[in-house]
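Single-letter residue listing:
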Amino acid sequence: MKQIELTPKFSLSQIVYGVWRWDENKQSLKDISHILDTCLSLGIDSFDHADLYNDYGNELFFGKLLKGNNALRSQIKLISKCGIQLLSQKKPLTKVKHYDYSREHIRYSVENSLRHLNTDFLDVLLLHRPSPLLNPEEVAETLSDLVKSGKVRHIGVSNFTPQQFQLLQSRLDIPLITNQIELNLNHPFPLTDGSIDFLYKEKIKPMIWSPLGGGSIFNETGNALIRNKLQVLADKYQVGADVLCLAWLLKHPAQLIPVIGTNQVERIKAAVKSTSLALELQDWFSLYEAALGNEVP
Ligand SMILES: NC(=O)c1ccc[n+]([C@@H]2O[C@H](COP(=O)([O-])OP(=O)(O)OC[C@H]3O[C@@H](n4cnc5c(N)ncnc54)[C@H](OP(=O)(O)O)[C@@H]3O)[C@@H](O)[C@H]2O)c1
């Protein structure tokens, strides 16, 4: 699998694996080790985390694989996020779900991520969601210090509008290297609301979360038009609907980086087929039409 350059010296695999859906109560260390090995064997070397995944548990879970294994650490890229404060028994001081981008909290969160993951550095730290109270000067200084200290190699954001991205970037001397946003056939709006256009103009590669709509594209609650069209194309290209959804994203010239979240190794293997599947132009538009619910104007 090819690597996508986010800076001249830093790249992520064309598909990233996200651990949001891991659950230590349902999966063993052997299960997640198998997922990790499968990813690596396919060239997926970039793993997406957040402090809060699975009630603040998944960095610790993943960290068990990294403990004492410097060789493994050197083969992978670790992305993590901070800022969302969930209600959790592990966070007794949190009385209401909120966002915290104070200097203290960002530093505290990064230290936790490093300790939990058993690593000295994060390859990328993302601010998980924009906050109305985010102070760009304070955040810029904090992020710059973290990069200077070596604890974080690169910084970025997630779910930021172009304006929010520009505001924070305007206070930074170092680049925000990505914006991780939702985009899939159930949620095609970033293609037209300026989100992708802005990143493309700035030559920033977007990371795409829930590229399969979290699986909702495939079930009865989803849009039947999309499901039917996927079925037609699955027959034509002889691949699964999940592969088509990823190929639909990968055809975009802005070099989108899907973050997949399946727990099934066979589906991870299938996902890789999307990187070599060239969807024909009109097939791309037939899916887009189904996503929009009408033909393009
Ligand atoms: N930045 C953010 O705000 C944000 C928000 C959400 C997620 N994320 C990141 O994005 C990653 C991916 O999100 P996601 O898990 O929602 O991605 P996704 O790949 O869109 O969805 C994965 C879900 O779809 C199911 N699925 C996959 N293929 C399927 C198929 N062919 N038929 C039926 N179901 C299928 C999977 O079930 P199986 O496991 O059974 O295959 C899994 O439950 C997360 O792990 C996280 O790292 C970031």
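Conventions used here
Going along each chain's sequence as written, the residues are numbered from 1 onward. In view of the model being predicted, local features appear only for residues whose pLDDT reaches at least 70, and side-chain atom pairs are presented and counted only at 80 or more, with totals across whole chains, interfaces and linings using the full set of residues. Just so you know, side-chain values use all the structure's heavy atoms and leave hydrogens and water out. Helix and strand assignments follow DSSP, with helices taken as H or I runs no shorter than four residues and strands as E runs no shorter than two, numbered in order from the N terminus. Expected helix span is computed as 1.5 Å times (number of residues minus one). The buried label applies to any residue whose accessible area, calculated with a 1.4 Å probe on protein chains only, is under 20% of its type's maximum; exposed applies above 50%, and partly exposed to all values in between. The directions considered for the arc are those from the helix axis to the C-beta atoms. Two residues form a contact once any of their heavy atoms are found within 4.5 Å. Pairing of aromatic side chains requires ring centres within 6.5 Å, counting the rings of Phe and Tyr and the six-membered ring of Trp. Pairs whose planes differ by under 30 degrees are stacked, by over 60 edge-to-face, and all others tilted. Each residue is tested against the molecule or strand, and it is near if at least one of its non-hydrogen atoms lies within 4 Å. N or O atoms closer than or at 3.5 Å make up a polar contact, with two conditions inside protein: a donor-capable atom paired with an acceptor-capable one, and, for residues adjacent in sequence, both atoms drawn from side chains. Classification used: nonpolar for Ala, Val, Leu, Ile, Met, Phe, Trp, Tyr, Cys and Pro, charged for Asp, Glu, Lys and Arg, polar for all others including Gly. Any carboxyl oxygen of Asp or Glu within 4 Å of a side-chain nitrogen of Lys or Arg constitutes a salt bridge here. Two strands are counted as paired when DSSP detects at least two bridges linking them. Simply put, an axis is a line fit to the C-alpha atoms, just over the touching stretch for a helix, and the angle between two N-to-C directions goes from 0 to 180 degrees.

(A) Representation of helix H1 (residues 29-42). An ideal rise of 1.5 Å per residue puts 20 Å on 14 residues; H1 measures up with 20 Å between its terminal C-alpha atoms. Turning to H1, its buried residues number three or more, namely Ile32, Ile35, Leu36, Thr38 and Cys39. The buried residues of H1 occupy one face: seen down the axis, they fall within an arc of 160°. Residues of H1 that are exposed and point over 90 degrees away from its buried face: Lys30 and Ser41. Where H1 is buried, its residues contact strand E3 (16-18), strand E4 (46-48), helix H3 (58-66), helix H4 (70-75) and helix H11 (265-273).

(B) Representation of the packing of aromatic side chains in the model. Counted under the stated rule, the structure contains 12 aromatic pairs. On the basis of an interplanar angle of 40° and a centroid distance of 6.3 Å, the ring pair of Trp20 and Tyr53 is categorised as tilted. On the criterion of sequence distance, the pair formed by Trp20 in the loop between E3 and H1 and Tyr53 in helix H2 (residues 53-56) is long-range, its members being 33 residues apart. A relative accessible area of 47% places Trp20 in the partly exposed class. Classification of Tyr53 as buried rests on a relative accessible area of 9%. Ring plane angle 70° and centroid distance 5.0 Å describe the contact between Trp284 and Phe285, whose orientation is recorded as edge-to-face.

(C) Spatial organisation of helix H10 (residues 241-250). Of all 10 residues in H10, 9 are buried, a share of seventy percent or more. Listed in full, the buried residues belonging to H10 are Asp242, Val243, Leu244, Cys245, Leu246, Ala247, Trp248, Leu249 and Leu250. Tucked into the core, H10 has its buried residues touching strand E11 (207-209), helix H9 (224-237), strand E12 (257-260), H11 and helix H12 (281-292).

(D) Focus on the site of the ligand. Near the ligand there are 28 residues, and of these Arg21, Asp48, Ser210, Thr262 and Arg267 occur at the shortest range. Measuring from an oxygen atom of the ligand, one finds a side-chain N or O atom of His128 at 3.5 Å. Looking at the shell around the ligand residue by residue, the class counts come to 9 nonpolar, 13 polar and 6 charged.

(E) Structural context of the pattern of salt bridges. Tallied over the full model, the rule gives 15 salt bridges. The partner of Asp48 in a salt bridge is Lys81, with the nearest N and O atoms 2.6 Å apart. Within this pair, whereas Asp48 is found in strand E4, its partner Lys81 is found in strand E5 (residues 77-82), the two being separated by 33 residues in sequence. On the basis of relative accessible area, Asp48 is assigned to the buried category, the value being 2%. Here Asp145 makes a salt bridge to Lys148, at a shortest N to O gap of 3.9 Å. Of this pair, Asp145 and Lys148 both sit in helix H6 (residues 136-149), separated by 3 residues, roughly a single helical turn. According to the relative accessible area criterion, Asp145 is partly exposed, its value standing at 31%. Given the relative accessible area of 70%, Lys148 is considered exposed. Via salt bridges that share partners, Arg107, Asp145 and Lys148 belong to a single interconnected network.

(F) Examining the sheet that holds E12 more closely. Strand order in the closed barrel made by the 8 strands is E3-E4-E5-E8-E9-E10-E11-E12, with parallel pairing throughout. On average, each strand axis in the sheet is inclined to that of its neighbour by 30°, with strand direction left out of account. Of the strand pairs in this sheet, E11 and E12 are connected by 3 bridges, and their pairing is parallel. Bridging across to E12, Trp209 finds its partner in Val259. Docked against the sheet, helix H7 (residues 162-170) engages strand E8 (122-127), strand E9 (152-158) and strand E10 (176-182), running at close to 160° with respect to E10.

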